Amino acid sequence: MSSEQGAVLLCYHCGNRTFMDLIKHHKHVDSEEIADSYGYIHNSADFVRNWYMYSCKVCGEITVQRENWFSEETHPDGRPIINSQVVYPQVTNKNSDMPDGVFEAFQAAIKVRHIDGAICALSVRRALEKMCKDKGATQNDLYRKLKHLADTKVLPPIVDEMAYILKQLGNAAAHADDIVFDDGIVTSIIEFTQIILDYVYNLPAKLKRVQDLRSGLGTDNTN
Ligand SMILES: [Zn+2]
């Protein structure tokens, strides 16, 4: 293990993409023996989970990444299919059918959150506009689009609570030079968008994975 072990990652605390030191690694393996129809054990299947804790060289904050893979699921060339996601700080990961444009606009917002609050708010607005388009909302302004998605149950009915955030996003679009976006406002804008994106894209994908797992285990309710 070299002393320079680490990875180039986007720091969701300070917005820098930088080399981070790996300061802790934890691996957990669940193995299951695989027997043939005669009961002879030929192999074992491994469910592997890795956690990596990194420290940002710029701001000193911690990022935790989790990797999952299953030895029986591989690419055609035999490499394992690795599922990797940042689990701390809480971020929106693209592990669903979230369109690239939505994800990229949101990532752009995160990158500039401590550099320029108004540009961050504009990027968030762009991410939400793209999400609305993806989900078929065609109203004139963002508030009406989100309201339409809440009415059609794509979003939870929280549109009224969105009003303040949406006003800030509207301000960013109209008079970015005159409005001060302090850290508190930027943080609530980002948290709000994370909740929306997770609800629309990641939560259904997560539920489907759990359902697939249950049906794979042969769970039924016919007792
Ligand atoms: Zn950082």
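If you check an unreviewed UniProt entry, the chain appears there as DUF4145 domain-containing protein from Cohnella herbarum.

Student: Can you walk me through a nonpolar patch on the surface in this structure?
Tutor: Taken together, Y199, L203 and L207 make up a surface patch of nonpolar side chains, about 270 Å² in accessible area. Inspection of the secondary structure assignment puts L203 in helix α5 (residues 183-216). Judged by relative accessible area, which is 41%, L203 ranks as partly exposed.

Student: Before we go on, may I ask you to explain the layout of surface pockets in this structure?
Tutor: If you roll a probe as big as a water molecule over the atoms, it shows you where there is empty space left. The space that makes up the largest pocket amounts to roughly 910 Å³. F47, N68, N83, R209 and L213 are the residues nearest the centre of the largest pocket, which is lined by 20 residues in total. Residue assignment for the lining of the largest pocket shows that the elements contributing at least two residues are β2 (17-35), β3 (41-56), β4 (62-70), β5 (83-88) and α5. Among the residues forming the lining of the largest pocket, the class breakdown is 8 nonpolar, 5 polar and 7 charged.

Student: What is the right way to read the environment of M20 from this model?
Tutor: Locating M20 in the fold gives a position in strand β2. Once residues lying within four places of it in the same chain are set aside, the contact partners of M20 are Q5, G6, A7, L9, L10, C11, Y54, S55, C56 and T63.

Student: Quick question: what am I supposed to make of the sheet that holds β3 here?
Tutor: Picture the strands of a sheet paired through backbone hydrogen bonds; they go either parallel or antiparallel. Pairing in this open sheet of 5 strands is antiparallel, and the strands run β1-β2-β3-β4-β5 from one edge to the other. The sheet terminates laterally at β1 (6-10) and β5, the two strands that pair on one side only. Between one strand axis and the next, the sheet turns through 35° on average, direction left out of account. Summarising the sheet, β2 and β3 pair through 15 bridges and their orientation is antiparallel. Bridging from a neighbouring strand, H26 pairs with W51 of β3.

Student: Would you mind going over the pairing of β4 with me for this structure?
Tutor: The side chains of a regular strand alternate between the sheet's two faces. Strand direction decides the pairing type here: β3 and β4, joined by 9 bridges, are antiparallel. Its bridge partner lying in β4, W51 is registered against R66. Linking β3 back to β4 in an antiparallel pair, the connection comprises 5 residues, with G60 at a positive phi of about 80°. Bridge count between β4 and β5: 5 bridges; the pairing is antiparallel. Directly across from N68, in β5, lies its bridge partner N83.

Student: Please explain the packing of helix α2 (residues 117-134) against helix α3 (residues 142-151) as it appears in this structure.
Tutor: Each packed pair of helices is defined by two parameters, the angle between the axes and the distance between the axes. Interaxial distance between α2 and α3 falls to 10 Å at its minimum, and their mutual angle equals 45°. Accordingly, the angle class assigned to the pair α2 and α3 is oblique. Crossing hand, α2 versus α3: left-handed. Mapping the contact onto sequence places R125, L128, E129, M131 and C132 in α2 and L142, K145, L146 and L149 in α3. Classifying every residue of the contact of α2 with α3 by side-chain character gives 6 nonpolar, no polar and 3 charged.

Calculation notes
Residues numbered from 1 in each chain as written. Predicted model: local features only at pLDDT ≥ 70, side-chain atom pairs only at ≥ 80, totals over all residues. Heavy atoms only, no water. Patch = residues over 30% accessible without salt bridge, like charges linked within 9 Å, V, L, I, M, F, W, Y side chains within 5 Å. Areas by Shrake-Rupley, 256 points an atom, 1.4 Å probe, with all protein chains shown as cover. Salt bridge = Lys/Arg side-chain N within 4 Å of Asp/Glu carboxyl O. Helix = DSSP H or I, 4+ residues; strand = E, 2+ residues; numbered from the N terminus. Buried < 20%, exposed > 50% of the residue type's maximum accessible area, 1.4 Å probe, protein only. 1 Å grid on protein atoms, 1.4 Å probe; cavity = no way out; pocket = protein on both sides within 12 Å on 5 of 7 lines; lining within 4 Å. Points joined across faces, edges and corners; volume = space filled by probe spheres on them. Nonpolar A, V, L, I, M, F, W, Y, C, P; charged D, E, K, R; others polar. Contact = heavy atoms within 4.5 Å. Pairing = 2+ DSSP bridges. Axes fitted to C-alpha atoms, helices over the stretch in contact; angles between N-to-C directions. Parallel < 35°, antiparallel > 145°, perpendicular 65-115°, else oblique. Left-handed = near helix turned anticlockwise from the far one by under 90°.

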